Every structure is written in structure tokens, then in C-alpha cells.
Amino acid sequence: MNLTKIALPIVTIGLLSGCKVSDKAPGVWYGVAFDNATGSYSEVAMFITELGETRISTTAGFYLAGPGFFDGDIIYNLPLSNYGSTDFTSINYDTQLLVTGEFTDASVSLEVKDEDEVVQNLDLIRSTDAIATQAQYAGSWYANPHAPDPAYTWLIDEDGNIGGNDELGCLYSGKVTASDTINVAELNLVISECVYEGAYHGIMSLFLSPDSDRIGIFYNYSNLENIFVNGLEKIL
């Protein structure tokens with residue numbers, strides 16, 4: 001999926017410890033999203049950690065993030081989104097979205113509501129991609145890797161330490177920590193030297209293109225102000 005930039009507060013992660021997380025939920029989910037306002041479809045990806053942190057991204061630029069509070073198999077609140085924002089990277093606190101739906105072992109259908117109105121319908125299936133090891137995240141990763149000057153570059157070492165920069169002059173430092181049980185890694189970043197500077201928390205997931213020799217990583221990270229989503233690529 002070719003998605004764009006987002007951001008979730010580290011402070012909210014402390015709320016996760018009291019959540020009930022269905023063991024059916026953690027992992028990577030892919031599918032389609034139907035927007036009720038426009039009548040259009042887009043691709044959607046959902047990532048849920050073992051602690052229940054949930055992040056949803058569509059190719060139409062609709063993003064949600066936050067502690068996924070569960071009642072059995074049902075998600076019932078994601079506090080951070082860019083829904084209704086004039087800047088798709090900005091968190092909009094004027095609108096709170098409710099997300100409901102029941103998980104099976106392999107699929108889930110979700111409704112995203114703004115008060116009583118359903119704004120998105122999501123139908124997803126669980127990814128069967130192999131779990132990425134810590135070593136697989138190591139390497140040089142690029143946005144637009146075939147361009148003479150890639151939009152930005154991340155370098156990740158064998159321990160998951162991240163360094164990088166982009167065309168806006170932003171500097172990146174942080175760490176990715178792989179999971180032993182799901183293809184969703186923890187991502188902590190600090191951005192400096194640009195308008196987006198600050199501490200960010202999120203997820204990263206590694207995927208292989210079945211039709212080529214390319215390998216990619218997808219990320220979704222946020223803080224209290226911004227939310228960023230994108231994919232980076234490495235040529236093997």
C-alpha cells in the first residue's frame with residue numbers, strides 16, 4: 001500500500017495496561033473501506049499490538065490511532081484521528097469516532113461512527129505474512145527509492161536503532177522493536193530540526209512484494225498533534 005505521513009502520544013500508552021484485549025485481535029489486517037459520504041472505496045490496513053494499541057489507515061487518507069479498548073472482541077473507542085481536519089496530518093479533537101465490530105479468527109467487519117452517523121464501513125481479513133525478525137528491519141530504507149534523490153532515508157541497524165533525514169530537513173532518531181508473536185513492531189521516534197519536531201510513538205510492519213525482489217516497511221506513528229503514515233522500500 002502506498003500511504004502517506006501521521007502521529008499518537010506516548011502518554012496514552014499507559015492507558016493500555018487496563019484494557020481487555022481479545023486474543024483474536026492483535027496482528028495485521030487488510031481489506032477495503034467504504035466511505036458513506038462519497039460512496040467510494042479505498043484500501044485499508046489495521047494494526048493491533050498485543051496491548052491493544054490500534055492503528056487504522058486508508059489509501060484515501062483517513063487515519064485513526066490510539067489505545068483500542070475492547071469489550072470481548074469489540075473495539076469501542078479510538079481517540080485520535082484526522083477525520084474532519086483541514087490538514088490530513090493533524091489530529092482533530094473536535095470529532096470523536098466510535099469503532100465497533102466483532103472479530104473472528106480470520107476476519108472482521110467494523111463500523112466507524114461520528115456520533116450516531118456511520119462514516120466508514122471496513123471489511124478486513126487477517127494477514128498471513130510471516131512475522132518479521134529484528135534483523136529483517138535492519139538496512140537502508142527509502143521513500144521513492146528509484147528517484148535520483150529519495151524523498152527521505154532511514155537507516156536501521158541490527159539492534160533496531162533508527163537514524164535518518166528527509167527533504168524538509170527533518171532529522172529522525174529512534175528505535176523499532178520487533179514482536180515475537182505478530183508482524184507488528186513497536187516504533188518510537190524523535191523528529192528534530194523541522195516543524196514536526198517532537199516525540200512520536202507508533203507501529204511498523206514489514207512486508208514482501210510477492211511479484212518482485214522488493215521488501216518494504218509500513219509505519220503509522222503519532223503524538224498529540226500529528227499523525228503520519230507511509231511506506232518505505234529497500235531494494236534487495
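Every chain's residues receive numbers from 1 upward, in the order its sequence appears when written. Given that the model is predicted, a residue must reach a pLDDT of at least 70 before its local features are reported, and side-chain atom pairs must reach 80 or more before they are shown or counted; all residues, however, enter totals for whole chains, interfaces and linings. Each side-chain value is worked out from all heavy atoms of the structure, with water and hydrogens disregarded.

## Observations concerning the side chain of Asn 223
Inference 1: Starting at the N terminus, helices and strands are each numbered in turn, a helix being any DSSP run of H or I of at least four residues and a strand any DSSP run of E of at least two. Locating Asn 223 in the fold gives a position in the loop between strand E17 (214-222) and strand E18 (227-235).
Inference 2: Within the local environment of Asn 223, its side chain forms a polar contact with the backbone nitrogen of Glu 225, the two atoms lying 2.9 Å apart.
Inference 3: For this analysis, a polar contact is any N or O atom pair within 3.5 Å, provided that within protein one partner can donate a hydrogen and the other can accept it, and provided that sequence-adjacent residues contribute only side-chain to side-chain pairs. A polar side-chain atom of Asn 223 sits 3.0 Å from the main-chain amide nitrogen of Asn 226.

## Topic: unusual backbone geometry
Inference 1: Backbone geometry at Glu 193 places phi at a positive 65°, although glycine is not the residue there.
Inference 2: Locating Glu 193 in the fold gives a position in the loop between strand E15 (185-192) and strand E16 (198-208).

## Notes on the nonpolar core
Inference 1: Tyr 137, Trp 154, Leu 187, Met 204 and Tyr 221 are the most contacted members of the largest nonpolar core, which has 27 residues in total.
Inference 2: Listed by contribution, the elements that provide at least two residues to this core are strand E11 (139-143), strand E12 (152-156), strand E14 (171-177), E15, E16, E17 and E18.
Inference 3: Membership of the second largest hydrophobic core comes to 21 residues, among which are Ile 75, Leu 97, Val 112 and Leu 124. Only buried Ala, Val, Leu, Ile, Met, Phe, Trp, Tyr and Cys residues count toward a nonpolar core, and they belong to the same one when joined by side-chain atoms within 4.5 Å. Residue burial is assigned from relative accessible area. The probe radius is 1.4 Å, only protein chains are included, and a residue is buried under 20% of its type maximum, exposed over 50%, and partly exposed in between.

## Digging into the environment of Ile 125
Inference 1: You can see Ile 125 is positioned in strand E10 (residues 117-126).
Inference 2: The exposure class of Ile 125 is exposed, given its relative accessible area of 54%.
Inference 3: Once the C-alpha coordinates of Ile 125 and Phe 103 are considered, the two residues, 22 residues apart in sequence, prove to be 9.7 Å apart.

## Brief notes about the state of the cysteines
Inference 1: Note on terminology: disulfide denotes any pair of cysteine sulfur atoms within 2.5 Å. One pass over the structure, following the stated rule, counts 1 disulfide.
Inference 2: Here Cys 170 pairs with Cys 194 through a disulfide, and the sulfurs are 2.1 Å apart. Classification of the bridge connecting Cys 170 and Cys 194 rests on its S-S torsion, roughly 100°, and on that basis the disulfide is right-handed. Of the two residues, Cys 170 is situated in the loop between strand E13 (161-166) and E14 and Cys 194 in the loop between E15 and E16; the sequence distance between them amounts to 24 residues. A single burial state applies to Cys 170 and to Cys 194, both of which are buried.

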